[in-house]
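Summary of structural features
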Amino acid sequence: MANDTANKTLKYWGWGYAEDGLSADQAKSLLNTISEGFGIEPSRDGAFPTMDAITLPTPRIEAPANLSKICTSDTHDRVVHSFGQSQPDSIRIYNGDFEHAVDLVAYPKTSADIAAIYDWAGNKNAAVIPFGGGSSVVGGVTSDVGCNFNGVISVDMTRMNKVLEVDPISRAARIQGGARGPELEAQLKPHGLTLRHFPQSFEHSTFGGWVATRSGGHFATLYTHIDDLVESTTTVTPVGNIVSRRLPGSGAGPSPDRFMMGTEGALGIITEGWARLQGRPTYKATAGFRFTDFFDAARAVRMVSQAGLFPANLRIVDGTELKVNGAGDGSFALMVVSFESADHPVDTWMARAEECCLDVGGVIDVDWRNNPEANLQGAVGAWRTAFIRMPYNREQLTPRGIISDTFETSTTWDVFESFYHAIKDATQAAIRDVTGHDGAVSCRFSHAYPDGPAPYFAFHAPGNPGGDGTVMLEQWQEIKTRCSDALIANGGTITHHHAVGRDHHKWYEQQRPALFGNILGDAKKRLDPKGILNPGVIVG
Ligand SMILES: Cc1cc2nc3c(=O)[nH]c(=O)nc-3n(C[C@H](O)[C@H](O)[C@H](O)COP(=O)(O)OP(=O)(O)OC[C@H]3O[C@@H](n4cnc5c(N)ncnc54)[C@H](O)[C@@H]3O)c2cc1C
């Protein structure tokens with residue numbers, strides 16, 4: 001039954017399909033770079049357990065006759081659906097920690113199937129975890145929901161993967177929640193249109209998952225959060241459906257769409273939605289600029305953002321991040337700026353962005369003029385290659401005892417510099433205290449707004465020498481806790497686009513106003529009276 005596609009088998013130990021990943025040379029090069037550049041050495045040469053070596057508990061629940069055709073307790077399905085893609089998930093898989101594996105996986109094809117699952121799960125007191133692509137990096141689909149339930153059922157949405165309607169006049173499409181990125185784009189392509197939402201996890205994540213987590217796409221400015229692209233949503237809850245009206249805009253009270261976005265499966269399952277589309281871009285330009293000072297690069301980002309140019313890409317990557325990824329020697333920060341349009345040439349906008357960069361000390365890394373291959377050249381090209389491979393790095397690092405994780409946030413420009421120092425220092429101090437090593441802490445901007453950037457931090461550190469994965473999990477938790485405390489203490493958000501899940505819940509509770517938390521709790525009681533939907537997520 002598995003949620004594999006095109007006869008390919010999804011990995012349970014990492015990103016993508018079983019046959020995808022770093023080549024032996026690429027893996028060696030990754031390890032060499034962090035060893036030579038930062039002194040981070042493997043503490044072991046382990047391997048993820050094979051499927052045969054994984055022991056799953058006997059399922060505690062069995063699908064009733066009316067659901068048996070869409071449910072399975074197959075081992076591979078249960079293993080793949082028990083974890084997402086976070087660092088602790090990776091360590092627990094390495095440890096063979098499947099004590100809390102999901103009991104059943106359901107593959108609904110209709111809203112009626114989902115309603116039937118709710119009815120049955122409610123009667124059995126089984127937890128229901130909506131599952132899109134399982135790309136959550138915050139424990140959003142991790143099946144460890146505590147001991148108050150008689151079972152856990154993962155509801156995999158990938159059988160509901162169609163673009164049901166396209167409205168070419170208004171440029172919008174009705175898309176089912178389980179459509180993965182490539183599937184939905186393939187169905188839009190014949191219409192000459194695109195959703196143009198490309199999170200790094202695009203290949204395996206789903207439209208419903210994006211809406212449920214308020215994902216951020218690849219584009220750095222303007223229409224980048226899925227929020228900006230949603231026209232209406234349909235959510236199936238245990239007590240009925242919430243279907244909002246298709247409107248380009250509305251001032252009629254609080255928005256039902258905005259209310260459901262970001263609920264991460266805790267209030268219902270987003271089965272479909274109308275989304276705004278765009279023409280496929282034909283005019284494109286990319287340039288790269290080097291800066292000796294990361295804060296000069298940040299100033300350039302602010303100038304471009306506030307000039308109202310809205311480039312498709314406006315990333316800065318600090319020297320450490322370039323070095324970790326073999327795209328620089330640590331002596332410069334890189335800015336990548338791109339414009340694209342389906343309608344008009346973009347040279348005027350690019351020329352103005354270039355002025356902003358040169359004005360604050362930027363030096364051209366890759367020139368955009370008459371250069372359609374600019375994104376493949378210089379440090380820009382080297383960074384792009386590393387970026388494409390990044391999702392596969394962790395499956396090389398966890399078995400070698402190297403902790404590697406990312407966290408992202410946002411803050412306003414007025415406090416950016418002090419915020420950056422506070423977060424970086426807290427992370428570095430935590431790594432030093434926990435591992436006795438400096439590790440490597442790096443930063444880039446994933447998104448930029450006129451009033452502030454979204455800094456995206458990454459860290460690498462050697463886990464306990466010779467120890468087992470349990471200690472590594474504790475080390476990760478301590479570092480993560482201290483970074484997260486620093487984000488909240490310094491006025492940032494616990495997440496800009498990676499969502500809350502189970503891993504960020506404690507800090508989300510500190511970030512949101514207490515009364516708002518009560519309102520969410522009341523909504524949960526109203527929509528999910530038996531409390532079976534994704535327990536521990538969004539509503540504690
Ligand atoms: C390599 C990698 C790169 C990533 N890059 C990005 C990025 O660029 N931008 C970004 O925003 N995120 C990124 N992420 C995080 C993740 O991909 C996003 O959170 C994504 O939106 C999750 O989609 P999904 O379909 O995989 O959802 P899942 O991971 O399956 O689920 C995420 C949460 O949403 C709930 N859920 C899923 N589907 C539904 C539904 N139909 N209705 C209601 N609830 C549902 C789940 O219960 C869970 O709580 C990345 C993750 C990885 C592993």
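A quick note: this is a predicted structure, and the numbers were derived from the prediction, not measured.

It is worth spelling out the site of the ligand at this point. Taken together, 39 residues surround the ligand, and among them G132, G140, G208, G209 and G265 come closest. Put simply, the parts of the chain that give the shell around the ligand at least two residues each are β3 (126-131), α6 (207-213) and β10 (269-276). When its residues are assigned to classes, the shell around the ligand shows 15 nonpolar, 23 polar and one charged. The two domains that each donate at least three residues to the shell around the ligand are domain 1 (54-156) and domain 2 (163-279).

Take the environment of Q87 next. Considering the arrangement of structural elements, one finds Q87 in helix α3 (residues 87-94). The exposure class assigned to Q87 is buried, which follows from the 23 C-beta atoms found within 10 Å. Spatially, the C-alpha atom of Q87 lies 23 Å from that of R180, the residues being 93 residues apart in sequence. Discounting residues that sit within four places of it in the chain, Q87 has contacts with R394, I403, S404, D405 and W476.

The end-to-end C-alpha separation of helix α1 (residues 24-38) is 21 Å, in line with the 21 Å expected for 15 residues at 1.5 Å each. Inspection of α1 places L30, I34 and F38 among the buried residues, and these make up the whole buried set. Considered in projection along α1, the buried side chains sweep an arc of 20° and stay on one side of the axis. In α1, the exposed residues that point more than 90 degrees away from the buried face are A24, D25, K28, N32 and E36.

It is worth spelling out the domain arrangement of the chain at this point. Parsing the chain into structural domains produces domain 1 (54-156), domain 2 (163-279) and domain 3 (283-391). Computed from C-alpha coordinates alone, the two centres of domain 2 and domain 3 are separated by 29 Å. Facing seven residues of domain 2, the contacting portion of domain 3 comprises ten residues. By residue class, the composition of the side of domain 2 that touches domain 3 is three nonpolar, four polar and no charged.

Another point: the packing of helix α8 (residues 294-306) against helix α10 (residues 347-359). Two numbers describe how α8 lies on α10: the axes approach to 8 Å, and their chain directions differ by 150°. Judged by the sense of rotation from one axis to the other, the crossing of α8 with α10 is right-handed. On the side of α8, the interface is formed by A300, M303 and V304, while α10 contributes A353, C356 and C357. A per-class count over the contact of α8 with α10 returns six nonpolar, no polar and no charged.

Another point: the nonpolar core. Counting 148 residues, the largest nonpolar core has V128, I153, V155, L334 and M335 as the members making the most contacts within it. If you tally residues by element for this core, the top one is helix α13 (residues 416-435), at eight residues. Setting aside residues no more than four positions away along its own chain, I153 makes contact with V102, D103, L104, A106, I117, A121, A126 and V128.

The next point concerns unusual backbone geometry. One non-glycine residue, N125, adopts positive backbone phi at about 55°. Here N125 lies in the loop between α4 (111-124) and β3. Among the residues examined, N125 registers 14 C-beta atoms within 10 Å and is labelled partly exposed. Of note, the phi angle at N370 is positive, near 45°, even though the residue is not glycine. Secondary-structure assignment places N370 in the loop between β15 (363-366) and α11 (378-389).

Time to look at the sheet that holds strand β5 (residues 163-167). Within the open sheet, the five strands sit side by side as β5-β6-β10-β8-β9. Their pairing is antiparallel. Two strands lie at the open edges of the sheet, namely β5 and β9 (240-243), each paired on one side alone. Averaged over all pairs of adjacent strands, the angle between strand axes in this sheet comes to 10°, irrespective of strand direction. Here four bridges tie strand β8 (residues 230-237) to β9, and the two strands are oriented antiparallel to one another. Paired with T234 across the two strands is V243, which belongs to β9.

Here the focus is the environment of D359. Structurally, D359 can be placed in helix α10. Take D359: there are 12 C-beta atoms within 10 Å of it, and that puts it in the exposed class.

Looking now at helix α5 (residues 181-188). Those residues of α5 not exposed but buried are G181, L184 and L188. Buried residues along α5 cover an arc of 80° about the axis, so they all sit on one side. Elements in contact with the buried residues of α5: β5, β6 (172-176), β7 (193-194) and α6.

Here we take up the sheet that holds strand β4 (residues 151-156). Ordered by their spatial adjacency, four strands build an open sheet running β1-β2-β4-β3, and the pairing between neighbours is mixed. For this open sheet the edge positions go to β1 (71-72) and β3, each flanked by a neighbour on one side alone. Where β3 and β4 come together, six bridges link them in parallel fashion. Within β4, the residue paired with F131 across the bridge is D156.

Of all eight residues in β10, seven are buried; the element is thus mostly enclosed. Bridging between β6 and β10 involves five bridges; their strand directions are antiparallel. Bridging from a neighbouring strand, A173 pairs with A275 of β10. Pairing of β8 with β10, which is carried by six bridges, proceeds in the antiparallel orientation. Looking at the pairing, V230 lines up with A275 of β10.

Cut-offs applied
Residues numbered from 1 in each chain as written. Predicted model: local features only at pLDDT ≥ 70, side-chain atom pairs only at ≥ 80, totals over all residues. Near = placed C-beta within 6 Å. Helix = DSSP H or I, 4+ residues; strand = E, 2+ residues; numbered from the N terminus. Nonpolar A, V, L, I, M, F, W, Y, C, P; charged D, E, K, R; others polar. Domains from an automatic or database assignment. Buried ≥ 20, exposed ≤ 12 C-beta atoms within 10 Å, placed from the backbone. Contact = placed C-beta atoms within 7 Å. Expected span 1.5 Å × (residues − 1). Arc of directions from axis to C-beta. Axes fitted to C-alpha atoms, helices over the stretch in contact; angles between N-to-C directions. Left-handed = near helix turned anticlockwise from the far one by under 90°. Core = buried A, V, L, I, M, F, W, Y, C linked by C-beta atoms within 7 Å. Pairing = 2+ DSSP bridges.

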